[in-house]
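Coordinate analysis (summary)
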Amino acid sequence: MKIAILSCFYPYRGGISQFNACLYGELGRENDVRAFNFKRQYPDILFPGKTQYVTEDDEAVPVESVSLLDTANPFSFGRTLKAMSGFGPDLVIVRYWMSWFAPSLGWITRMIHKKVAGVKVVSILDNVIPHEPHFFDAPLTRYFLKGSDGCVTLCNAVRDDLAALDPSKRTITLNHPLYSHFGERMDREEACRKFGLDPSKKTLLFFGLIRKYKGLDILLEAFRGLSDEYQLLIAGEPYGSFDEYAEIIGSLPGRGRIRTDLRYIKDSEVSAYFSAADLAVLPYRSATQSGISAVAYHFDLPMVVTSVGGLRETIGESGTGLAVDSPEPALVREAIERYFSDPEIAAACRRSIASEKERLSWRAFCERLLAFAGTL
């Protein structure tokens, strides 16, 4: 089968690019797969981080791709369509996570049906409505969806958002597969020493891009009430100012037990952070699914999460962590203390993680995706 994937690939960095590289590699085992990349994903003014691109220090594996689509330049839409049509795909897979992409991706997916006989378009929806919504998200997303024959959602929360926006759209929910390219778990004491942490204390981890909806301030306020048995490791690039969080940290009596590493973390470094931790905390105000949970699974690390989006479904209900009812510091603190109060909770979470790791493989994800496409 000829499969075209239209989304971001190397040299773009981040979780979506990593996901696409894994998807490309797995589908390419038995199919003719071509990656169609962005020439410009979006203008720098719309990107709150330091860079969209892989730097010299990153170890991202290059993926061969055709870079044509500039989402801010409509003249590039036709060039991208021509290249994709020339490939003659049986299946087009598109990633969608914010309404900025609706005009470009929606136009291309509509037009390719006219250019390539029998082609099917499947969109993988990270979000239907983004975490930080705008009034134009719903109409633009409706426009985008008209070019898709079917949609893959990565959790039931996104499925429900899609049903509210377009109840007629054919849909399947496939949970986020597990990343496996971050290496093996390190010795915990060695990892703790790397960050100046005390191996005898209980280590909490907040990992990933630091954005308002991810609730780092909630975790910091929860940490305020924890005893000196606990320490906190914060790792990730802030999207926007870190001043609000720095002010909270400065006010905490336990601020000496907090370590921060405020930058984009390279793949080869990820193991140390998850190896130092006893528990990952995802205190999100809103969420769909989380790529961080997939990394935590890889390193057998249980989680405390808030019951937003798909986090209760994928973590709380699977038994791989504890889910609290709402993103409130007192509830997050209580769940952290409850986790450490009974060794059987940690043991049960790790047993559930082992089960999930068997189920959430890239091979299983791709097999179900292709089977779904075959029904459209």
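In short, a report on the structure.

1. Let's talk about the pairing of strand β9 (residues 230-235)
- A large share of β9 lies buried, amounting to six of its six residues.
- Residues Tyr230, Leu232 and Ile234 of β9 are buried on one face, and the alternating residues Gln231, Leu233 and Ala235, pointing to the opposite face, are buried as well.
- The pairing of strand β8 (residues 202-207) with β9 spans six bridges and is classified as parallel. Along β9, the bridge assignment pairs Phe207 with Ala235.
- A crossover connection joins β8 to the parallel β9 through helix α7 (residues 216-224); in handedness this β-α-β unit is right-handed.
- The pairing of β9 with strand β10 (residues 258-261) spans four bridges and is classified as parallel. Bridge assignment links Ile234 to a residue of β10, and that residue is Thr260.
- Considered for its hand, the β-α-β crossover made up of β9, helix α8 (residues 243-251) and β10 is right-handed.

2. Thoughts on helix α5 (residues 156-165)
- Turning to α5, its buried residues number three or more, namely Ala157, Val158, Leu162 and Leu165. Axial view of α5: buried residues confined to an arc of 140 degrees, hence all on one face.

3. Things to note about the sheet that holds strand β11 (residues 279-282)
- The six strands lie next to each other as β10-β9-β8-β11-β12-β13, forming an open sheet whose pairing is parallel. Two strands in the sheet have a free side with no partner beyond their single neighbour: β10 and β13 (321-324). When the angles between neighbouring strand axes are averaged without regard to direction, this sheet yields 20 degrees.
- Sheet topology places β11 next to strand β12 (residues 303-306); three bridges connect them, and they run parallel. In the strand pairing of β12, Leu282 is matched with Val305.

4. Digging into unusual backbone geometry
- A cis amide bond links Tyr10 with the next residue in sequence, Pro11, at an omega value of 15 degrees.
- By the secondary structure assignment, Pro11 is in the loop between β1 (2-6) and α1 (15-27).
- A positive phi angle, close to 55 degrees, is found at Asp300, a residue other than glycine.
- Take Asp300: it is sitting in the loop between α10 (291-298) and β12.
- For Asp300, a relative accessible area of 32% gives the class partly exposed.

5. Some words on the sheet that holds strand β3 (residues 65-70)
- Ordered in space as β3-β2-β1-β4-β5-β6-β7, the seven strands form an open sheet in which the pairing is parallel. Sheet topology places β3 and β7 (170-173) at the edges, where each strand pairs with a single neighbour. Neighbour-to-neighbour, the strand axes of this sheet turn through a mean angle of 25 degrees, independent of strand direction.
- Relative to strand β5 (residues 120-125), strand β4 (residues 91-96) runs parallel, the two being bridged by six bridges. Pairing of Val92 across the sheet is with Val121, part of β5.
- Of the strands in this sheet, β1, β2 (32-40), β4 and β5 touch α1, which is tilted by about 165 degrees from β4.

6. Quick look at the environment of Ala354
- Looking at where Ala354 falls in the secondary structure, it is placed in helix α13 (residues 343-359).
- Residues Ala354 and Leu91, 263 residues apart in the sequence, show an inter-C-alpha distance of 33 Å.

7. Comments concerning the packing of α7 against α8
- In the contact formed by α7 and α8, the axes pass within 10 Å of each other and the chain directions differ by 0 degrees. Taken together, the axes of α7 and α8 lie roughly parallel to each other. Note on element contacts: α8 touches α7 through Glu244, Tyr245, Ile248, Ile249 and Ser251, opposite Leu216, Asp217, Leu220, Glu221 and Arg224.
- Residues of the contact of α7 with α8, tallied by class, amount to five nonpolar, one polar and four charged.

8. Describing the side chain of Glu356
- As for its placement among the helices and strands, Glu356 is situated in helix α13.
- With a relative accessible area of 10%, Glu356 lands in the buried category.
- Looking at Glu356, its side chain comes within polar contact range of the side chain of Arg359, at 2.8 Å.
- In this view, Glu356 contacts Leu178, Tyr297, Ser318 and Thr320; residues no more than four positions away in its chain are not counted.

9. Topic: the nonpolar core
- Within the largest apolar cluster, 61 residues are counted, with the highest numbers of intra-cluster contacts made by Leu23, Val152 and Phe274.
- For this core, the element with the most residues is helix α14 (residues 362-373), which contributes six residues.
- The residues touching Phe274, leaving out its near neighbours within four places in the chain, are Arg185, Leu205, Phe207, Ile292, Val295, Ala296, Phe299 and Leu301.
- Within the second largest apolar cluster, 35 residues are counted, among which are Tyr12, Phe36, Val158 and Leu165.

10. Considering α7
- With seven of nine residues buried, α7 is to be regarded as a mostly interior element.
- Where α7 is concerned, the buried positions are Leu216, Asp217, Ile218, Leu219, Leu220, Ala222 and Phe223.

11. Side note on the side chain of Thr141
- With respect to the helices and strands, the residue Thr141 is situated in helix α4 (residues 137-145).
- Owing to a relative accessible area of 2%, Thr141 belongs among the buried residues under this scheme.
- In this structure the side chain of Thr141 is engaged in a polar contact, spanning 2.8 Å, whose partner is the side chain of Tyr96.
- Of note is the side chain of Thr141, whose polar atom sits 3.3 Å from the backbone oxygen of Val128.
- Beyond its immediate chain neighbours, meaning those up to four positions away, Thr141 contacts Tyr96, Ser99, Ala102, Val128 and Leu165.

Calculation rules
Residues numbered from 1 in each chain as written. Predicted model: local features only at pLDDT ≥ 70, side-chain atom pairs only at ≥ 80, totals over all residues. Heavy atoms only, no water. Buried < 20%, exposed > 50% of the residue type's maximum accessible area, 1.4 Å probe, protein only. Helix = DSSP H or I, 4+ residues; strand = E, 2+ residues; numbered from the N terminus. Pairing = 2+ DSSP bridges. Right-handed = clockwise from strand over helix to strand, strands pointing away. Arc of directions from axis to C-beta. Axes fitted to C-alpha atoms, helices over the stretch in contact; angles between N-to-C directions. Contact = heavy atoms within 4.5 Å. Parallel < 35°, antiparallel > 145°, perpendicular 65-115°, else oblique. Nonpolar A, V, L, I, M, F, W, Y, C, P; charged D, E, K, R; others polar. Polar contact = N/O pair within 3.5 Å; in protein donor to acceptor, adjacent residues only side chain to side chain. Core = buried A, V, L, I, M, F, W, Y, C linked by side-chain atoms within 4.5 Å.

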